[in-house]
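If you want the building blocks of each chain, they are given just below.
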Amino acid sequence: MLDGRWVIQNQRLYIVNVYAPCDLVGKIALWGELRQLKVSNPNGLWCFHGDFNSMRSQEERIGSSQRMADTSDISDFNEWISDMELQEIKGFGGRFTWFRPNGTIKSRLDRFLVPDQWISLWPDTSQHILQRDYSDHCPVILKTRMVDWGPKPFRVVDWWLNQKGYQRMVREAWINDQ
């Protein structure tokens, strides 16, 4: 858990990275600990993120096995989210965050959960599911503001400036492009 203060708004923040166990008994124990942690630190905004190892609906899993998720797991997870007065942040990118290594099953296990006050303070907050690389999980990042910085600036490696014919090549490319 990260405990800090967002200086601009003078807002206390608690950011909790979650890695839940796979078994329901372990998840329920973790959710109880997180509930107690929040109750014991009521002054501040909470953000819970990570691998909850739980889905919120059957639609958050597809795969060749068509293995159905435990409905009590789904129900208990949604109840915990409601009891904690959290909501899932709108998402962009992929639909699933976990993939079985052979690709036969996909699930949405990773997410960001925040209270209404978070959305009020940062209404453009969103979570972005990125492409996975080495892990069987996709990275999920949090953005609190969407900024259009305009077109990307032109960049060049200084080494090119010292190469014979570089300026001529750039000049010809510009002329041909027009």
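Data block above holds the structure.
Here goes a summary of the coordinates provided. Remember, predicted model here, so these are calculated numbers, not experimental data.

## Side note on the packing of helix α1 (residues 24-40) against helix α2 (residues 71-83)
Contact pair α1 / α2: the axes reach a minimum separation of 11 Å and the direction vectors enclose 0°. Relative to α2, the element α1 is oriented roughly parallel. From α1, L24, K27, I28, W31, L34 and R35 reach across to α2, where they touch S72, D73, D76, F77, W80 and D83. Split by residue class, the contact of α1 with α2 holds 6 nonpolar, 1 polar and 5 charged.

## Description of unusual backbone geometry
Positive phi outside glycine occurs at N10, with the angle close to 50°. When you line up the elements, N10 lands in the loop between β1 (2-6) and β2 (11-19). Residue classification places N10 among the exposed residues on the basis of a relative accessible area of 53%. Here the phi dihedral of E85 falls at roughly 55°; this positive angle occurs in a residue that is not glycine. With respect to the helices and strands, E85 occurs in the loop between α2 and β5 (87-88).

## Concerning the state of the cysteines
Going through the model one piece at a time under the given rule, you end up with 0 disulfides. C22 forms no disulfide, and the closest cysteine sulfur to it belongs to C138, at a distance of 17 Å. C22 sits in the exposed class, given a relative accessible area of 62%. Unpaired in this structure, C47 has its nearest cysteine sulfur neighbour in C138, at a distance of 18 Å. Of the residues examined, C47 reaches a relative accessible area of 1% and is grouped as buried.

## Overview of the nonpolar core
Residues V18, F48, W80 and L113 are the most contacted members of the largest nonpolar core, which totals 16 residues. For this core, the elements supplying multiple residues, two or more each, are β2, α1, β3 (45-51) and α2. Setting aside its immediate chain neighbours within four residues, F48 contacts V16, V18, L34, M84, L86, R111, F112 and L113.

## Some points on a nonpolar patch on the surface
Where nonpolar side chains cluster on the molecular surface, the patch consists of F154, V156, V157, W159, W160, L161 and M169 and spans about 760 Å² of accessible area. Looking at the nonpolar patch element by element, the count peaks at 3 residues for helix α4 (residues 158-161).

## Quick notes on the packing of aromatic side chains
The final tally for this structure, using the stated rule, is 12 aromatic pairs. Seen from their ring centres, Y14 and W46 are 4.3 Å apart, and the 20° between their planes marks the pair as stacked. Of the two residues, Y14 sits in strand β2 while W46 sits in strand β3, which places them 32 residues apart along the sequence. Classification of Y14 as buried rests on a relative accessible area of 2%. With 5.5 Å between their ring centres and 10° between their planes, W46 and F48 make a pair best called stacked. A relative accessible area of 1% places W46 in the buried class. For F48, a relative accessible area of 0% corresponds to the buried category. Here the aromatic residues Y14, W31, W46, F48, F52, F77 and W80 are joined through ring pairs into a cluster of three or more.

## Some points on the sheet that holds β3
Strand order in this open sheet of 5 strands is β1-β2-β3-β9-β5, and the pairing throughout is mixed. Across the chains shown, the open sheet's two edge strands, defined by having one partner strand only, are β1 and β5. Strands in contact with α1 are β2 and β3; relative to β2, the strand with the most contacts, it is inclined by about 170°.

Procedures and definitions
- Residues numbered from 1 in each chain as written.
- Predicted model: local features only at pLDDT ≥ 70, side-chain atom pairs only at ≥ 80, totals over all residues.
- Heavy atoms only, no water.
- Axes fitted to C-alpha atoms, helices over the stretch in contact; angles between N-to-C directions.
- Helix = DSSP H or I, 4+ residues; strand = E, 2+ residues; numbered from the N terminus.
- Parallel < 35°, antiparallel > 145°, perpendicular 65-115°, else oblique.
- Contact = heavy atoms within 4.5 Å.
- Nonpolar A, V, L, I, M, F, W, Y, C, P; charged D, E, K, R; others polar.
- Buried < 20%, exposed > 50% of the residue type's maximum accessible area, 1.4 Å probe, protein only.
- Disulfide = S-S within 2.5 Å.
- Core = buried A, V, L, I, M, F, W, Y, C linked by side-chain atoms within 4.5 Å.
- Patch = residues over 30% accessible without salt bridge, like charges linked within 9 Å, V, L, I, M, F, W, Y side chains within 5 Å.
- Areas by Shrake-Rupley, 256 points an atom, 1.4 Å probe, with all protein chains shown as cover.
- Salt bridge = Lys/Arg side-chain N within 4 Å of Asp/Glu carboxyl O.
- Phe/Tyr/Trp six-rings, centres within 6.5 Å; stacked < 30°, edge-to-face > 60°.
- Pairing = 2+ DSSP bridges.

Everything listed here is a matter of coordinates, which is why it stays silent on function.
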